[in-house]
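These are the residues of each chain, in order.
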Amino acid sequence: METVINLVSDTVTKPTQGMLEAMLEARVGDDVYKEDPTVNELEDKVAKLLGKEAALFFPSGTMANQAAIKVHTQPGQQLICDRYAHIFHYEGGGVSFNSGVSCRLVHGERGMMTADQVAQVINPPDFYHSPLTSLVCIENTTNKGGGACWSVEELKRIKQVCAQNGLGYHLDGARLWNALAVQGQDARVFGDLFDSISVCLSKGLGAPVGSVVAGSKDFVQQLIRVRKVFGGGMRQAGYLAAAGIYALDNHRARLVEDHKKAGELAKGLAGKNWVQSVEPCETNIVIFTLDESLMSSDKFVQEMGQIQLRISQMGEGKWRMVTHLDYTDAMHDRVLTFIDRLSVA
Ligand SMILES: *Cc1c(COP(=O)(O)O)cnc(C)c1O
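A quick note: this is a predicted structure, and the numbers were derived from the prediction, not measured.

A. The site of the ligand, seen in detail. All residues in the neighbourhood of the ligand are listed as Ser60, Gly61, Thr62, Asn65, His86, Glu91, Glu139, Asn143, Asp172, Ala174, Arg175 and Lys203. One of the side-chain N or O atoms of Thr62 is found 2.6 Å from an oxygen atom in the ligand. Contacts to the ligand include His86, whose side-chain N or O atom sits 3.4 Å from a nitrogen atom. Here the shell around the ligand takes three residues from helix α3 (residues 61–72), the largest share from any one element. Residue composition of the shell around the ligand, by class: one nonpolar, six polar and five charged.

B. Quick peek at the pairing of strand β2 (residues 54–58). The element β2 is largely enclosed, with a buried count of five among its five residues. Neither face of β2 is left uncovered, since the one carrying Ala54, Leu56 and Phe58 and the one carrying Ala55 and Phe57 both have all their residues buried. Across five bridges, β2 lies against strand β8 (residues 211–215) in antiparallel orientation. From the neighbouring strand, Ala54 faces β8, where its bridge partner is Gly215.

C. Broad picture of the domain arrangement of the protein chain. As assigned here, the protein chain comprises domain 1 (5–12 + 254–341) and domain 2 (17–250). Using only C-alpha atoms to locate each centre, domain 1 and domain 2 end up separated by 28 Å. Listed per partner, the contact involves 18 residues of domain 1 and 23 residues of domain 2. Roughly 1,700 Å² of surface becomes buried between domain 1 and domain 2 when both sides are summed, with 48% attributable to carbon and sulfur atoms. The tally of links from domain 1 across to domain 2 stands at two salt bridges. For Asp10, the salt bridge is made with Arg175, and the minimal N-O distance between the two is 2.8 Å. Viewed at the interface, domain 2 and domain 1 are joined by eight residue pairs in polar contact (both at pLDDT 80 or more). Among the secondary structure elements, those contributing two or more residues to the side of domain 1 that touches domain 2 are α12 (255–270), β10 (285–290) and β13 (318–322). Broken down by element, the residue count for the side of domain 1 that touches domain 2 peaks at three residues, all from α12. When the residues that make up the side of domain 1 that touches domain 2 are grouped by side-chain class, the tally is seven nonpolar, five polar and six charged.

Each value, and the rule that gives it
- Residues numbered from 1 in each chain as written.
- Predicted model: local features only at pLDDT ≥ 70, side-chain atom pairs only at ≥ 80, totals over all residues.
- Heavy atoms only, no water.
- Near = heavy atom within 4 Å.
- Polar contact = N/O pair within 3.5 Å; in protein donor to acceptor, adjacent residues only side chain to side chain.
- Helix = DSSP H or I, 4+ residues; strand = E, 2+ residues; numbered from the N terminus.
- Nonpolar A, V, L, I, M, F, W, Y, C, P; charged D, E, K, R; others polar.
- Buried < 20%, exposed > 50% of the residue type's maximum accessible area, 1.4 Å probe, protein only.
- Pairing = 2+ DSSP bridges.
- Domains from an automatic or database assignment.
- Contact = heavy atoms within 4.5 Å.
- Buried area = accessible area lost by both parts, 1.4 Å probe.
- Salt bridge = Lys/Arg side-chain N within 4 Å of Asp/Glu carboxyl O.

Dropping the structure here:
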């Protein structure tokens, strides 16, 4: 029987042999007392990579973003983000639940707003009828936007808007590594721009667990209290941090392979009459819609079942494929052939 090809997300990877060995060999301690040397090493490493003073390890990307938002805001305030933002759609309503904050959604392009759009939705601080705007959140690459990479120039313009209006500036960089692999910038470019950055180790990088938030010393000091309150203090977490260190050292350069495969999938889909549209593919995410008159969703699921291919639905008729570390060349050939052969008269 053929193996399952899981393109539902880049989170479905299993640790490699090298990663498991690094985990086994980790030196650990109690991280709630900040005495786990491997967690401390990971935090130092991420802080340095991003050019920030300090960083803190989290069990999930959601907790990482939510804790950062909590530190940046007070209940009753409002943050600005794109209408596609993960913090708005996929964090269980945590912005309102954890921080008592509302989201002002901007209708951007593939998950990306312009500085003008941001400036237009800032509530005047002396107009006490409306919530006080206090934070702008960016997502790079955009998840629901199909792995799109922001222009650093636009991010700089938004930073100016934040500075002029006294707003915090947070980056949900769950897939920042993918953006860096495409654009070839130094990660410190982003550290210079943002007050806080969350990055994920268990997406493209293939670690089993973990995210890290980087910021100033003072910010991270506040963050550690919030992490404790959220129940995110972990004990001998060095076993997990070791996987993160291994991932940063060994799995960043190979992200371009995921991007190449995703590009080939997008190209294959674009040539088919049963595909209505394919969104531009810049990194490891391919989003497309079917022409339902030629290929119903039910039929498509049935056809995918023939080669044991699993992908996800994003709502509004959109389908998403995400390439990753465990998506082999052989699997890729099978999927390309499947797309190529699947035809309707
Ligand atoms: C996956 C993801 C997160 C974090 O999600 P977890 O499942 O909690 O790790 C945050 N932001 C974006 C854009 C993501 O894709």
